[in-house]
Structures are given as structure tokens and as C-alpha cells.
Amino acid sequence: MTDRDLAYLPATEALRLFRSRELSPVEVMEAVIARAEAVEPEINAFAEETFEEALAQAKAAEIAYGPGGSPRALEGLAVAAKEEQPIAGRIASEGSLVFAEHVSDVTHPALERIIAAGGIVHARTTTPEFCCAFFTQSRKWGITRNPWNPDYSPGGSSGGSSAALAAGTAMLATGSDIGGSIRLPAAATGTVGFKPPYGRVPALPPFNLDHYCHDGPMARTVADCALLENVMAGPHPADVASVRPAVRIPEQLGEVAGLRIGFAPNLGDWEIEDDVAANTRAAADALREAGAVVEEIDVGLRHKEIRRAVFSHFGGIFGAYVAGVAAEQRESLTPYALAFAADTTIGQGDYLAGLEIEGEVYRVLGALLERYDALLCPTTGAAALPAGEDFTRHRLTVNGVELEHYWDYSLTPVFNIAGRCPVLNVPSGIGRHGVPTGVQIVGRTYDDATVFQIGAALERVRPWPLRPTGR
């Protein structure tokens, strides 16, 4: 295999070859690093690189696969960690000049588990400032670009992680999702991203107490995503919201015969461009081919109401945090972070009104999920956002319609409201400008395995390319 082939090797396949001693973790790490050195100047997915340490750890992993060794679940795999998730003794800037020199004294529980399982964190990935945008650019790190087409963004806020996977500079990656920040980047880069149900993966206070907030795995294949999720998930003594018992995604995936899936071409009145619509319908057809019973449904939600609920919720927690920083360091913040703080400022009674909308959203979804084992819908209404645009100067146009707020292009926040529902984004095809599109597979509350079964079936019947065409 060439270095490029090794860099895009699925993690599960790499583990098999490591165990049989047909391949060394050192060979793969060297290929991943070589790939990063070749593409990082253009893609800019890494906030921090620790390549020398990673090679030393890969050599230790090679020994673990030798005679008498005892390799762990992720032994020797190159894992890129979202910079928002801190590591003790390392900078934790949140993509902001305000915290450019802030050193963390804690390690995120999910990263603790990845490192303990033998995963090698060879790089940390870029985000927008405070992870408050659906694109990835900041004054601290500059613009992160989509490996499929560098004129476009890899999405946000876990855009550095998704770009690294698509560029072949990581085998696995971590993300976090408070409004779509795992699923949107996965959709834009043709990768797989899982928003676990609330509490499945432990997190740090205070945002572990926010039921919109989720940490989760990102990968290039469904099996790889399940592999990482099984390491990250489970109760943790530092997180009171982490749920018991720990559950595992089964290794054998893809059986969907007889499952009933509700196919929602739209969740209501979102603008959906033709390429996204066609790819979503093709995904539904592929699941029928795999043996599932797929029925088209009308969900009937309204994007303005969703945005009102989400921004009201953020106003009490996430937006309030950004606004607090802005009050003291306004001149250091990006225009989009300031706009986010302003957009999510709430007045008296708005939080209660938002909760009422949230209750109605799950009333609708809960009834559908009684009838169906899962729902299938687009992740976004348009394939991707242009790189370098922050939408503070003009509005986004989708399907010929100028949106009131660029967040309205995304169908993901619905399932942060319904945060106990697991959601897996998988690729659905290639859209305009050569940029991928994705679909969301939404499960019943805490039924993680079913969404992985459906994702694996779709991957089998309608496989997607693991690396960008021509790159």
C-alpha cells in the first residue's frame, strides 16, 4: 500500500492488520504524518500537532502487538481531538484570542478514555471561536477548508476534525454537538458523525448539564465510528448526567430487514436544494433495497419556531457565556461571536416559551418514533457553506430564497432539542461544487444500536468514497 492508502485505511482494518502483524502502527502513523505535512498548509485542520510524541507512542504500540503483548481497543490508532475538549497541561483556547494562553488543568473524560484505550492523539483540531458557528474559521487559526473543494467550509464547529478525516490526516476524530456541530461537518466532508443521546458520553461541567450538548465520535466508516463510540461512552464519576449502564454498539452491523423507517424529505418548511433532495431520496431507496420498510412522512415542524427555541435556550447558557466574555473583551472577539451573543440574548419569559416549543417538538417526534424504528431526513438544506464567509455582512441564500438567519439552512438543531434521540450522520452523495451531502438517521430515545444498523446498511448498499475525488 502507498502512504496515501495507509493514511485512508479504515481504523477497524488497521487494527486487524496490526493484530496479524501484517502492518505496524509506526508505518501508519508515518503515513498519516506525511499526509498532514502535504495537505495541512491548504486545509488548515490542526490547531496543534504532536507528531514526535505520536511516533514514540506508535513504536510502543508496535511492541504491544508483539509476542506477549496486550493491545488495547484503540492501540496505535491516530486520533485527532477537537481543541475544545481540553487536555491537562495543554492550551485550551476555544479558538479565541482571549484564551490564547490558557492552559487546562483537566482532561476531558472522553479523551481520558481514548488515551487509556491506546489511541494516539497526534493532533488537536480547529474550531470557530467558542464553537458558536456552523463554519470553521477564527482569528486565532484562520480558515479551515474542505478537502473536497477548498473554496468551501468543512462545516462547524467540529470542522477541523471532519476536515482531518476527509484529508487523510487522522484515522478517527472527536467532536461535540450543541446545535449540529458533529453532524454538519460530517455531512459537508462525506464522513460519519454520531450525536449520542444526552448523557451517553461523559463531559465536563457546566455544559455537561445542558441537554443540548453532546460529545461524540467522528470517522470515515460506520464501523470506525462505532469503535470510537464504544470507547468514549459510559457513566463517569465526574459527570452526574452520564447515564447508566454503559451500552455497546454491536460489531456486526447492517441488518435492517423488517425495520420501519420514516423518510422525511423535509422536517417541515426548510429550504432544500435539488441536489440535497435527490441524494436524500436515493438514500431512502437504498434502505428499501437493503430490506427496510421505508415510508415517506410529513413531520410538519417550522424552522422559525425551532430557531426561536434554540436561541432562547442558548440565551440562558451558551449565549450567556459568550456574552459574558464579550462584555469584557469585545475588541478581541470575531464579528460572528459577537453576533451569536446578540442573537441569543433573551428577555424575561423567553426561556419558558422556548421550553414550550421544545415540548411540542418532541410531542411530534415521539409520536412518529412510536410508529417507526427510526427517521431519515437531510442534515442540511444546502451542500456546504463558502469558506471564509461569516454571514454577518449578508444573508445566506438557499434554493433561491434568502434566509433570515444562516442557521436556518441546518436541520440538525431539531435533534438537540430532542437531545435524548441518537442521531447518526452518514454521507448521501455528492452535491453542487463537488461537496458531499449527508442524511441524519434518528433513533428512538437511547436506542443507539438501531441508527448504526441502518447506517451500516446504507453504507453497504450505497457505499461512499473514503477520500475526496482526485486528491
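Residues numbered from 1 in each chain as written. Predicted model: local features only at pLDDT ≥ 70, side-chain atom pairs only at ≥ 80, totals over all residues. Heavy atoms only, no water.

- Looking at an unreviewed UniProt entry, the protein carries the name amidase, with the source organism given as Nocardia huaxiensis.
- Heading Catalytic activity (unreviewed entry) of the UniProt record for the protein holds this comment: "a monocarboxylic acid amide + H2O = a monocarboxylate + NH4(+)".
- Taken directly from UniProt, the Sequence similarities (unreviewed entry) text for the protein runs: "Belongs to the amidase family." (UniProt positions renumbered as here; feature names shortened; annotations may be inferred.)

**Comments concerning the overall build of the protein**
Right, so step 1: Each helix and strand in the protein was counted, giving 15 helices and 15 strands.
Right, so step 2: With respect to the three principal axes, the spread of C-alpha positions in the protein is 65 × 55 × 45 Å.
Right, so step 3: Across the 471 residues of the protein, 64% fall into the buried class.
Right, so step 4: Of all intrachain contacts in the protein linking residues separated by at least 6 positions in sequence, the fraction that spans at least 24 positions is 77%. (Helix = DSSP H or I, 4+ residues; strand = E, 2+ residues; numbered from the N terminus. Buried < 20%, exposed > 50% of the residue type's maximum accessible area, 1.4 Å probe, protein only. Contact = heavy atoms within 4.5 Å.)

**Some points on helix 15 (residues 448–461)**
Right, so step 1: Given a rise of 1.5 Å per residue, 14 residues ought to cover 20 Å, and the 21 Å separating the end C-alpha atoms of helix 15 matches this to within 8%.
Right, so step 2: Among the 14 residues that make up helix 15, 11 are buried, leaving the element largely enclosed by the rest of the structure.
Right, so step 3: Within the sequence span of helix 15, burial applies to Asp-448, Thr-450, Val-451, Phe-452, Gln-453, Ile-454, Gly-455, Ala-456, Ala-457, Leu-458 and Glu-459. (Expected span 1.5 Å × (residues − 1).)

**Notes on unusual backbone geometry**
Right, so step 1: Between Gly-156 and the following residue, Ser-157, the backbone shows a cis peptide bond with an omega angle of 10°.
Right, so step 2: Inspection of the secondary structure puts Ser-157 in the loop between strand 5 (142–143) and helix 6 (159–167).
Right, so step 3: Of note, the bond from Arg-244 into Pro-245 is cis; its omega dihedral lies within 30 degrees of zero at -5°.
Right, so step 4: On the secondary structure map, Pro-245 appears in the loop between helix 8 (222–232) and strand 9 (260–263).
Right, so step 5: Unlike most non-glycine residues, Phe-130 shows phi in positive territory, near 60°.
Right, so step 6: You can call Phe-130 buried: its relative accessible area is 2%.

**A look at the packing of aromatic side chains**
Right, so step 1: If you walk through the whole model with that rule in mind, you get 21 aromatic pairs.
Right, so step 2: Ring plane angle 75° and centroid distance 5.9 Å describe the contact between Phe-134 and Tyr-406, whose orientation is recorded as edge-to-face. Of this pair, Phe-134 sits in the loop between strand 3 (120–125) and strand 4 (137–138) while Tyr-406 sits in the loop between strand 13 (401–402) and helix 14 (414–417), and the two are 272 residues apart along the sequence. Of the two residues, Phe-134 and Tyr-406, both sit in the buried class. (Phe/Tyr/Trp six-rings, centres within 6.5 Å; stacked < 30°, edge-to-face > 60°.)

**Remarks on the side chain of Asn-146**
Right, so step 1: As for its placement among the helices and strands, Asn-146 is situated in the loop between strand 5 and helix 6.
Right, so step 2: Residue class for Asn-146 comes out buried when judged on its relative accessible area of 0%.
Right, so step 3: A polar contact is formed between the side chain of Asn-146 and the backbone oxygen of Ala-188, at a distance of 2.8 Å.
Right, so step 4: Residue contacts for Asn-146: discarding those within four places in its chain leaves Ile-43, Tyr-152, Ser-153, Pro-154, Ala-188, Thr-189 and Val-435. (Polar contact = N/O pair within 3.5 Å; in protein donor to acceptor, adjacent residues only side chain to side chain.)

**Considering a negative patch on the surface**
Right, so step 1: Residues Asp-3, Glu-27, Glu-30 and Glu-62 make up a contiguous surface patch of negative charge.
Right, so step 2: On the secondary structure map, Glu-27 appears in helix 3 (residues 25–43).
Right, so step 3: By relative accessible area, Glu-27 is classed as partly exposed at 37%. (Patch = residues over 30% accessible without salt bridge, like charges linked within 9 Å, V, L, I, M, F, W, Y side chains within 5 Å. Areas by Shrake-Rupley, 256 points an atom, 1.4 Å probe, with all protein chains shown as cover. Salt bridge = Lys/Arg side-chain N within 4 Å of Asp/Glu carboxyl O. Lys, Arg positive; Asp, Glu negative; His and termini not counted. Charge placed at Lys NZ, Arg CZ, Asp CG, Glu CD.)

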